[in-house]
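Coordinate inspection notes
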Amino acid sequence: MYKAIIFDLDGTLLDTSRDINGVLNDVLEHFGIPKVSLEDTVKYVGNGARELVRRAIGSQNEWRLDEINCYYVKEFAACDNERATIYGGEEHALRAFRERGIKLAILSNKPQSATEHVYDLFFKDFCFDFVQGQKAGMALKPAPDGVFAALEALGVKREECLFVGDGETDVLTAKNAGVDGVSVLWGFRTKEQLQKAGATRFVSSYEELEKLVLCE
């Protein structure tokens, strides 16, 4: 059985797509740039706030990327996340992992302040052992740096850890860090997209994830 699980945040632990889309469109409107659909927003997430903004504003506005990204990060940090939801079966699975002594971590490309805000709202009662978002000096996923930091903080070896995520970035992160990975199918990517990124193991629900982890 695994001794630790590292979770991606958006699309894995929490459906924040409507929050992201709402804040992003407010920012785009502020700068006089056309809004984007929820569907397109979901396609754009996964590689950090800056890349999300870059994709949304288009190449014709890339000269303004630094200014717009700075504004987006500030606005998203202030978001109350009133449209975010956790997934079915998630609370039961997290409590089951905790009861079995499995350490829990969050590793996100979301800015650190926003990651901590969401954690305090939705996950504080589960007492995660490590919570890290985008911060200075730490390379974003799919670089393995965040996983290595989590392993050190948790005091576990690579072979004792499972990385759980919903995106291509998460597939590559697990591979680059040399840890087992599993892709969830309730997030922002399809099974076909994940397979193209190299994913070979999938779960369709938190019930399936719970069985996978506790039966390993």
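Right above here is the structure, for reference.
Note that residues are indexed from 1 along each chain, following the sequence as it is written. Two thresholds apply to this predicted model, a pLDDT of at least 70 for residue-level local features and 80 or more for giving and counting side-chain atom pairs, whereas whole-chain, interface and lining totals are computed over all residues. In computing side-chain properties, one takes all heavy atoms of the structure into account and sets aside hydrogens as well as water.

For helix H4 (residues 65-77), built from 13 residues, the straight-helix expectation of 18 Å at 1.5 Å per residue is met to within 8% by its first-to-last C-alpha distance of 18 Å. Three labels apply to residues, based on accessible area from a 1.4 Å probe with only protein chains included: buried if under 20% of the type maximum, exposed if over 50%, partly exposed otherwise in between. A run of H or I in DSSP becomes a helix once it reaches four residues, and a run of E becomes a strand once it reaches two; helices and strands are each numbered from the N terminus. Taken together, the buried positions of H4 are Leu65, Ile68, Asn69, Tyr72 and Phe76. The arc enclosing the buried residues of H4, seen along the axis, measures out at 100 degrees, which places them on a common side. Across H4 from its buried face, at more than 90 degrees, point the exposed residues Asp66, Cys70 and Lys74. Looking at the buried side of H4, the elements it contacts are helix H1 (17-30), helix H3 (49-57), strand E4 (103-111) and helix H6 (112-122). Each helix should span, by expectation, one fewer than its residue count multiplied by 1.5 Å. Regarding the arc, it is the one traced by the directions from the helix axis to the C-beta atoms. Here, residues are in contact when the closest pair of their heavy atoms is within 4.5 Å.

Quick look at the pairing of strand E6 (residues 161-165) now. Here is the key point about a regular strand: its side chains alternate between the two faces of the sheet. Burial runs high along E6: five of the five residues are buried. Because side chains alternate across E6, one face comprises the buried residues Cys161, Phe163 and Gly165, and the other comprises Leu162 and Val164, equally buried. Note that strand E1 (residues 4-7) and E6 share four bridges and pair parallel. Opposite Ala4, over in E6, you have Cys161 as the bridge partner. Consider the strands pointing away from the viewer: the crossover is right-handed when the path from the first strand over the helix to the second runs clockwise. Regarding the hand of the β-α-β motif, the stretch spanning E6, helix H8 (residues 168-177) and strand E7 (residues 180-184) is right-handed. Here a strand pair is declared whenever DSSP counts at least two bridges between the two strands.

As a further point, take the sheet that holds strand E5 (residues 130-134). Sheet strands pair by backbone hydrogen bonding; their relative direction is either parallel or antiparallel. The parallel open sheet is built from six strands, whose spatial order is E5-E4-E1-E6-E7-E8. Unpaired on one side and paired on the other, E5 and strand E8 (202-203) mark the two borders of the sheet. The sheet contact formed by E6 and E7 spans four bridges and is parallel. Paired with Val164 across the strands is Val182, a residue of E7. Fitted lines through C-alpha atoms give the axes, limited to the stretch in contact for helices. The angle between two N-to-C directions lies from 0 to 180 degrees. Packing of helix H5 (residues 90-99) onto the sheet brings it into contact with E1 and E4, and relative to E4 it is tilted by some 130 degrees. Here H8 sits on the sheet in contact with E4, E6 and E7, set at roughly 165 degrees to E6.

The next point concerns the nonpolar core. Grouped together as the largest cluster of nonpolar side chains are 31 residues, with contacts concentrated most on Phe7, Phe97, Phe123, Phe128 and Leu209. Mapped onto this core, the elements with two or more residues apiece are E1, H5, E4, H6, E6, E7 and helix H10 (206-215). For this core, the leading source of residues is H10, giving five residues. Residue contacts for Leu209: discarding those within four places in its chain leaves Phe7, Phe97, Leu162, Val164, Val182 and Val203. Of all hydrophobic cores here, the second largest spans 23 residues; its members include Val23, Ile33, Val45 and Ile68. What we call a nonpolar core is a set of buried Ala, Val, Leu, Ile, Met, Phe, Trp, Tyr and Cys residues that are connected through their side-chain atoms within 4.5 Å.

Next up on the list: the pattern of salt bridges. Salt bridge criterion: a side-chain nitrogen from Lys or Arg within 4 Å of a carboxyl oxygen from Asp or Glu. All chains considered together, the criterion is met by 12 salt bridges. A salt bridge links Lys110 to Asp10; the nearest nitrogen and oxygen atoms lie 3.0 Å apart. In this pair, Lys110 is assigned in strand E4 and Asp10 in the loop between E1 and strand E2 (14-15), connecting sequence segments 100 residues apart. You'll find Lys110 and Asp10 in the same group, each marked buried.

This next bit is on unusual backbone geometry. Geometrically, the link from Lys141 to Pro142 is a cis peptide bond, its omega value of 15 degrees lying close to zero. Considering the arrangement of structural elements, one finds Pro142 in the loop between E5 and helix H7 (145-154). Phi at Asn81 takes a positive value of approximately 55 degrees, unusual for a residue other than glycine. One non-glycine residue with positive phi stands out, namely Cys127, at about 55 degrees. Take Cys127: it is sitting in the loop between H6 and E5.

What follows concerns the packing of H1 against H3. Relative to each other, H1 and H3 sit at 55 degrees, their axes nearing to 11 Å. On the basis of their axis angle, the class for H1 and H3 is oblique. H3 is crossed by H1, and the crossing has right-handed handedness. Here Ile20, Leu24 and Leu28 of H1 lie close against H3, whose contacting residues are Leu52, Ala56 and Ile57. When describing relative orientation, an angle under 35 degrees is termed roughly parallel and one over 145 degrees roughly antiparallel, while 65 to 115 degrees is termed roughly perpendicular and anything else oblique. Note on convention: near helix rotated counterclockwise from far helix by under a right angle means a left-handed crossing. Clockwise means right-handed.

Interpretation note: all reported values are geometric properties and have no functional meaning in isolation.
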